[in-house]
Amino acid sequence: GPLLLYVLDVMELPDPVLPQLPALLGPDVPASGVLVVGNKVDLLPADSRGHLGRLRQRVAAACARAGLRGAALVDIRLVSAKTGYGMEGLVSRLQRSWKCAGDVYLLGATNSGKSTLFNALLHSDYCKSRAPDIIDRATVSPWPGTTLNLLKFPIINPTCDRIFRRQERLKEEATKTEDQLSNEEKKCLNQLKKQGYLVGEVGRTFQRQNSSSEIDFDPDMLSYSMDEDPRCSPKKREEREEFTYNEVKDARWCFDTPGIVKEDCVLNLLTEKEVKLVLPSHAIIPRTFILKPGMVLFLAALGRIDYLEGGKPAWFSVLASNLLPVHVTTLSNADTVYEKHATQEFLKVPMGGEERMKEFPPLVPQDITLKGIGTTEAVADIKLSSAGWVAVTAHAEEELLLRAYTPKGTALVVREPPLLPYISTIRGARIPGTAAYRTKKPPSFVENLRTTGNT
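Predicted, not measured: the structure shown is a model, and the values here were computed from it. (Residues numbered from 1 in each chain as written. Predicted model: local features only at pLDDT ≥ 70, side-chain atom pairs only at ≥ 80, totals over all residues. Heavy atoms only, no water.)

Just checking my understanding: could you explain unusual backbone geometry for this structure?
Glycine aside, negative phi is the norm for most residues, and most peptide bonds take the trans geometry. Note that the residue after leucine 13, namely proline 14, is joined by a cis bond; omega there is -5°. Counting through the fold element by element, proline 14 comes out in the loop between strand 1 (3-9) and helix 1 (21-25). Cis geometry is found at the peptide bond from valine 349 to proline 350, where omega equals 0°. Along the chain, proline 350 falls in the loop between helix 9 (331-341) and helix 10 (353-359). Positive phi is not limited to glycine here, since alanine 300 has a value of about 50°. (Helix = DSSP H or I, 4+ residues; strand = E, 2+ residues; numbered from the N terminus.)

Help me understand the confidence of the model for the protein, please; the structure alone is not making it clear to me.
The predicted coordinates ought not to be read in detail in places where the model reports low pLDDT. Averaged over all residues, the pLDDT of the protein is 86; the fraction at 70 or higher stands at 84%. Note that residues 210-231 has pLDDT below 50 and, in this model, seven contacts with residues that lie over four places away or in other chains. (pLDDT = per-residue confidence, 0-100. Contact = heavy atoms within 4.5 Å.)

Whenever I open this one, the packing of aromatic side chains confuses me. Can you help?
The geometry of an aromatic ring pair comes down to the distance between the two centres and the angle between the two planes. Following the criterion strictly, the structure yields five aromatic pairs and no others. The interplanar angle of 10° and the centroid separation of 4.6 Å between the aromatic rings of tyrosine 105 and phenylalanine 255 together place this pair among those described as stacked. One end of the pair, tyrosine 105, is in strand 4 (residues 104-108); the other, phenylalanine 255, is in strand 7 (residues 253-256), with 150 residues separating them in the sequence. In this structure tyrosine 105 comes out as partly exposed when scored by relative accessible area, which is 24%. Accessibility expressed as a relative area gives 11% for phenylalanine 255, which makes it buried. Feature note: the residues Phe118, Tyr126 and Phe153 constitute an aromatic cluster, connected by ring pairs. Taking the ring centre of tyrosine 405 as reference, the NZ or CZ of arginine 304 above it sits at 4.5 Å. Against the face of tyrosine 197 rests lysine 441, its NZ or CZ located 5.7 Å from the ring centre. (Phe/Tyr/Trp six-rings, centres within 6.5 Å; stacked < 30°, edge-to-face > 60°. Buried < 20%, exposed > 50% of the residue type's maximum accessible area, 1.4 Å probe, protein only. Lys NZ or Arg CZ within 6 Å of the ring centre and 35° of its normal.)

Would you explain the sheet that holds strand 7 in this entry?
Strand pairing in a sheet takes place through backbone hydrogen bonds and is either antiparallel or parallel in direction. Read across the sheet, six strands follow the order 3-2-1-4-7-5 without closing on themselves; strand pairing throughout is mixed. Two strands in the sheet have a free side with no partner beyond their single neighbour: strand 3 (73-78) and strand 5 (151-154). In this sheet, adjacent strand axes meet at a mean angle of 20° when their direction is disregarded. Relative to strand 7, strand 5 runs antiparallel, the two sharing four bridges. For lysine 152, the partnering residue across the bridge sits in strand 7 and is phenylalanine 255. Contacts between helix 2 (residues 51-65) and the sheet are confined to strand 1, strand 2 (33-39) and strand 3, with strand 3 contributing the most and set at about 145° to the helix. (Pairing = 2+ DSSP bridges. Axes fitted to C-alpha atoms, helices over the stretch in contact; angles between N-to-C directions.)

What exactly am I supposed to notice about the pattern of salt bridges here?
Once the charged atoms of two side chains with opposite charge are near each other, the side chains can pair. If you walk through the whole model with that rule in mind, you get 24 salt bridges. A salt bridge links arginine 77 to aspartate 75; its shortest N-O distance comes to 3.5 Å. On the basis of relative accessible area, arginine 77 is assigned to the partly exposed category, the value being 24%. Arginine 169 serves as the salt-bridge partner of glutamate 88, at 3.0 Å between the closest nitrogen and oxygen. Of the two residues, glutamate 88 is situated in helix 3 (residues 87-97) and arginine 169 in helix 5 (residues 160-174); the sequence distance between them amounts to 81 residues. One exposure class covers both glutamate 88 and arginine 169, and it is buried. Put simply, Glu88, Asp125, Arg166, Arg169 and Glu173 are held in one network by salt bridges that share partners. (Salt bridge = Lys/Arg side-chain N within 4 Å of Asp/Glu carboxyl O.)

Here it is as structure tokens:
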């Protein structure tokens with residue numbers, strides 16, 4: 001049977017599709033196992049040492065709850081298909097354990113980064129060297145249903161010689177520092193560091209050898225008289241390259257599949273322009289606010305949290321797209337703020353004025369009771385569907401009564417334990433006269449480069 005590469009957006013935990021995986025496969029698809037890839041780790045700041053190990057534990061717990069354990073669960077890998085972090089490790093794991101035993105299918109929910117992962121594997125040592133010139137890249141889009149056909153590429157056979165050459169390349173690259181990179185490599189690396197906290201490079205050991213270029217000319221073009229213009233010969237139609245029979249007769253293939261649409265997801269209510277604002281495209285910069293009872297926090301016009309009752313102030317750390325505005329007001333003004341500014345620039349999403357608001361579902365409430373565990377550790381995340389989440393940190397034993405809102409028909413989840421429990425400690429000084437703290441982007445970490453010269 002095939003190996004299933006299930007791509008999971010770590011920010012979406014608890015993943016809504018993972019429990020459905022056995023039913024989606026059905027009895028007629030005897031899979032040899034599932035390798036779960038936790039994607040988009042580049043977007044999450046490190047709230048403490050060992051945060052990736054904690055993220056992996058969260059994914060492992062989600063797999064166990066979904067019934068994926070033992071031999072059925074091949075492995076769990078944390079990667080960023082966009083910045084390349086963890087991709088070389090994923091390729092090595094696939095080649096070491098799976099080799100060319102069978103086909104590989106990429107499954108995942110919409111916007112999990114599945115097509116981005118397909119493209120990264122296409123240009124890695126996992127793919128036959130000539131394939132990137134022949135295979136069409138998967139369409140990367142925030143809009144569901146863009147991967148309409150089964151795209152595929154042939155998997156390279158990891159022979160002993162190829163594994164050795166690949167290991168030698170990885171060892172050589174691991175001895176480099178940023179100062180030893182070419183100007184083009186430095187430029188690409190700096191661009192990736194602006195986009196994510198965790199960065200890596202996906203290289204190729206087996207490059208296709210370019211044949212020597214031949215000069216193609218038409219002798220008739222040289223034999224014209226002084227009183228006539230040269231005539232341009234019609235251009236030859238470029239022939240599309242194809243695989244030879246011997247290249248694919250025994251090949252195993254890696255398939256990309258259409259994304260599985262998530263139910264109860266706020267993205268299903270938004271336009272393509274709004275989705276691009278809501279889905280984080282750059283490393284998330286956490287925004288922390290200290291609220292007293294009677295205060296309200298808005299995340300755009302897509303979510304709202306009311307602090308109704310509590311003895312002391314509490315910290316609310318917002319982790320969402322940097323393009324989504326956060327606004328804090330009082331409970332008495334909250335309804336007026338929403339009615340006046342929803343679909344306007346102040347709250348930004350949704351956008352489109354009164355007509356847009358007529359078709360947009362109203363916000364519906366859910367009461368939440370939490371008990372604090374300390375001023376440095378969040379007790380829970382309030383996940384506002386796929387718009388982002390708010391980590392709540394409160395004094396030990398302090399009871400909080402909150403009321404959270406999301407648009408009707410979308411899922412509001414209280415995530416315990418929180419994904420980044422120490423996120424409130426990543427904040428600057430308090431901004432005088434406001435409930436907000438200054439924000440700063442934590443530094444990036446570059447994989448497979450020596451720390452000397454790293455920033």
